[in-house]
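# Observations on the three-dimensional arrangement
One-letter residues, chain by chain:
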Amino acid sequence: MAAKHKILIPLPTVDFDPSESAIPWKTLKENGFEVFFATPNGKPGVADFRMLTGKGLGIWRPLLIAHKKARAAYEEMIADSNFQNPLSYRDLKPENFSGLILPGGHAPGMKEYLESKELQDFVGAFFATGKPVGAICHGVVLAARSKLPGSDRSILFGKKTTALLKSQEMAAWNLTRLWLGNYYRTYPQSVEDEVKAALQDPKDFHFGPKPIFRDNHKKLKRGHATIDGNYVSSRWPGDAHSFVISFMKLF
C-alpha cells in the first residue's frame, strides 16, 4: 500500500545536508515509499562538500562531518534515477505528491532554496492540503517563510515546531569561524530566532532533549521530533532517523 505514497524532497543546486536528505530517502525507500526530487533548474543537486569530506573542518572534523552511514546513504541516493532526473521547482503541483520533506543545510548555496518564491508558494499550497509535511534544521526556515494561499501568515503560525537550536548554530560557528568565517551562519539572524518570529507564540518552539549524540535506527531516543497534526519537525542531522520515522507515522 505504501508504494502509492509519492514523497517529494526539494533541494538546492548545491550545499544541502547529506544526512538530512539521504537518511530520510533511504528509510522511505526501504519502507515502500516512492521518493522524488526537485531542484531550481531540474538538474541533479550536490550536497555540502564539507559535510561529505570533512575538508576545512580542522580538529572538529570527527564531530562535524556527516556520519559514515549517512555518507554511504548519500552515495546510494545520488545513483537513484529519480535523483538523477529531478523536477524543477516551477513544475511542482501539490496534487502529484502525498508527502513533502524539507531537508536543511547551512552553507551559502542553501539560500537559493530557502529564498525561492516558487518553492515557498508550493510549500504553502501543499501544507494547505493537510498532507504530511516534514522539515528538519534549516528546512524549518523554508516552512516558516512559506504562507498559506491567500494569507500573509506563515504556515507555522499556530503550529508547534522545533528547528536548529541557536545554541547548536552558535557552537558550530564559534568552533570554526576563525578559518571558515560565516560558513555555519547562513543568515545574521539565527534559525531559532527567525522561526520563533513566525509562530503564534514563541512558546510553540520546542527545544527537545539536549542534542549531544546523533540518533540511529536502534537509538531513536537520542533524537527528537516535534509532531503537530500533519507536520513534523526536527533540529539537526542527529535527529534524522527519529524525524523520518515520525514522518512515516503520519501515513
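Each chain has its residues counted from 1, following the order in which its sequence is written. Local features are withheld for residues below a pLDDT of 70 in this predicted model, meaning they are given only at 70 or higher, and side-chain atom pairs are given and counted only at 80 or more; totals for whole chains, interfaces and linings count all residues. Water and hydrogen atoms were dropped before computing side-chain values, which therefore reflect all heavy atoms in the structure.

- In the nomenclature of an unreviewed UniProt entry, the protein chain is known as DJ-1/PfpI family protein of Leptospira yasudae.

### Examining a positive patch on the surface
- On the surface, Lys-69, Lys-218, Lys-219 and Arg-222 cluster together to form a positively charged patch.
- Here a strand is any run of E in DSSP of at least two residues, a helix any run of H or I of at least four, and the numbering for each starts at the N terminus. The residue Lys-218 is located in the loop between helix H10 (191-198) and strand S8 (226-228) in this model. Here, patches come from residues exposed beyond 30% relative accessible area and free of salt bridges, joined within 9 Å for like charges and within 5 Å for nonpolar side chains (Val, Leu, Ile, Met, Phe, Trp, Tyr). For every accessible area listed, the method is Shrake-Rupley and the probe measures 1.4 Å; residues are considered covered only by the protein chains on display. Salt-bridge detection follows one rule: a side-chain nitrogen of Lys or Arg within 4 Å of a carboxyl oxygen of Asp or Glu. A residue counts as positive if it is Lys or Arg and as negative if it is Asp or Glu; His and the chain ends are not included. For this purpose, a charge sits on NZ of Lys, CZ of Arg, CG of Asp or CD of Glu.

### Digging into the packing of helix H1 (residues 18-30) against helix H4 (residues 68-79)
- Throughout, an axis means a line fitted to C-alpha atoms (over the contacting stretch in the case of helices), and angles, computed between N-to-C directions, take values from 0 to 180 degrees. Taken N-terminus to C-terminus, the directions of H1 and H4 make an angle of 70 degrees; their axes are 8 Å apart at the nearest point. Our classification of the angle between H1 and H4 gives roughly perpendicular. The crossing of H1 and H4 is left-handed. Listed contacts from H4 to Pro-18, Ser-19, Ser-21, Ala-22, Ile-23, Trp-25 and Lys-26 of H1 are Ala-70, Ala-73, Tyr-74, Glu-76 and Met-77.
- Residues are grouped as follows: nonpolar covers Ala, Val, Leu, Ile, Met, Phe, Trp, Tyr, Cys and Pro; charged covers Asp, Glu, Lys and Arg; every other residue, Gly included, is treated as polar. For the contact of H1 with H4, the per-class residue count stands at 8 nonpolar, 2 polar and 2 charged. In this scheme, roughly parallel covers angles under 35 degrees and roughly antiparallel covers those over 145, while 65 to 115 is roughly perpendicular and the rest are oblique. Take the far helix as your reference; a near helix turned counterclockwise from it by less than a right angle gives a left-handed crossing, and one turned clockwise gives a right-handed crossing. Residue contacts are counted whenever heavy atoms from the two residues lie within 4.5 Å of one another.

### Quick look at the pattern of salt bridges
- Scanning the entire structure with this criterion turns up 10 salt bridges.
- Among the ionic pairs, Asp-121 bridges to Lys-117, the shortest N-O distance being 2.8 Å. Of the two residues, Asp-121 and Lys-117 both sit in helix H7 (residues 117-128), 4 residues apart, roughly one turn of that helix.
- Any residue under 20% of the maximum accessible area for its type is buried, any over 50% is exposed, and the rest in between are partly exposed; the area is computed with a 1.4 Å probe on protein chains only. Judged by relative accessible area, which is 43%, Asp-121 ranks as partly exposed.
- With a shortest N-O distance of 2.7 Å, Glu-194 and Arg-145 are connected by a salt bridge.

### Considerations on helix H9 (residues 166-180)
- With 15 residues, H9 extends only 18 Å from end C-alpha to end C-alpha; this falls clearly short of the ideal 21 Å at 1.5 Å per step.
- Of all the bends in H9, the largest measures some 40 degrees and sits at Asn-174.
- Considered for burial, the residues of H9 that qualify are Gln-168, Glu-169, Ala-172, Trp-173, Thr-176 and Leu-180.
- Residues of H9 that are buried make contact with helix H2 (49-53), helix H3 (61-64) and H10.
- Taken from the residues just after H9, Gly-181 is the one with a positive phi, measuring 60 degrees. Multiply 1.5 Å by the residue count of a helix minus one, and that product is the helix's expected span. Fitting axes to the seven residues ending at a residue and to the seven starting there, one defines the bend at that residue as the angle between these axes.

### A few points about H10
- Residues of H10 that are buried: Val-191, Glu-192, Glu-194, Val-195 and Ala-198. Viewed along the axis of H10, the buried residues span an arc of 165 degrees, placing them on a single side of the element. For this quantity, the arc is that covered by the directions from the helix axis to the C-beta atoms.

### Remarks on the packing of aromatic side chains
- Two rings from Phe, Tyr or Trp (for Trp, the six-membered ring) form a pair when their centres sit within 6.5 Å of each other. Planes less than 30 degrees apart are called stacked, planes more than 60 degrees apart edge-to-face, and all others tilted. In the structure shown here, the tally under the stated rule is 10 aromatic pairs.
- Note on Phe-37 and Phe-83: the rings are 5.1 Å apart at their centroids and 80 degrees apart in plane angle, and the pair reads as edge-to-face. One end of the pair, Phe-37, is in strand S3 (residues 34-39); the other, Phe-83, is in helix H5 (residues 81-84), with 46 residues separating them in the sequence. For the pair Phe-37 and Phe-83, one class covers both residues: buried.

### As for the pairing of strand S6 (residues 99-102)
- On S6, burial covers both faces: Gly-99 and Ile-101 on one face and Leu-100 and Leu-102 on the other are all buried.
- Only when DSSP finds a minimum of two bridges between them are two strands counted as paired. Both strand S1 (residues 6-10) and S6 contribute to a ladder of 2 bridges, which runs parallel. What sits directly across from Leu-8, in S6, is Leu-100.
- Note: S6 against strand S7 (residues 133-136), 3 bridges, orientation parallel. Along S7, the bridge assignment pairs Leu-100 with Val-133.

### Comments concerning the nonpolar core
- Among the buried residues, those of types Ala, Val, Leu, Ile, Met, Phe, Trp, Tyr and Cys that are joined through side-chain atoms within 4.5 Å form a nonpolar core. In this structure, Leu-28, Phe-122, Leu-156 and Val-195 are the most contacted members of the largest nonpolar core, which totals 63 residues.
- Ignoring anything within four residues of it in the chain, the contact list for Val-195 reads Val-140, Val-141, Ala-144, Leu-156, Thr-161, Ala-163 and Phe-205.
- Met-51, Ala-107, Trp-173 and Tyr-184 belong to the second-largest nonpolar core, a separate cluster that totals 10 residues.

### Thoughts on the environment of Gly-105
- Its place among the elements puts Gly-105 in the loop between S6 and helix H6 (111-114).
- A sequence separation of 87 residues divides Gly-105 from Pro-18, and the C-alpha atoms of the two residues are 8.2 Å apart.
- Beyond its immediate stretch of four places on either side in the chain, Gly-105 contacts Asp-15, Phe-16, Asp-17, Glu-20, Met-110 and His-138.

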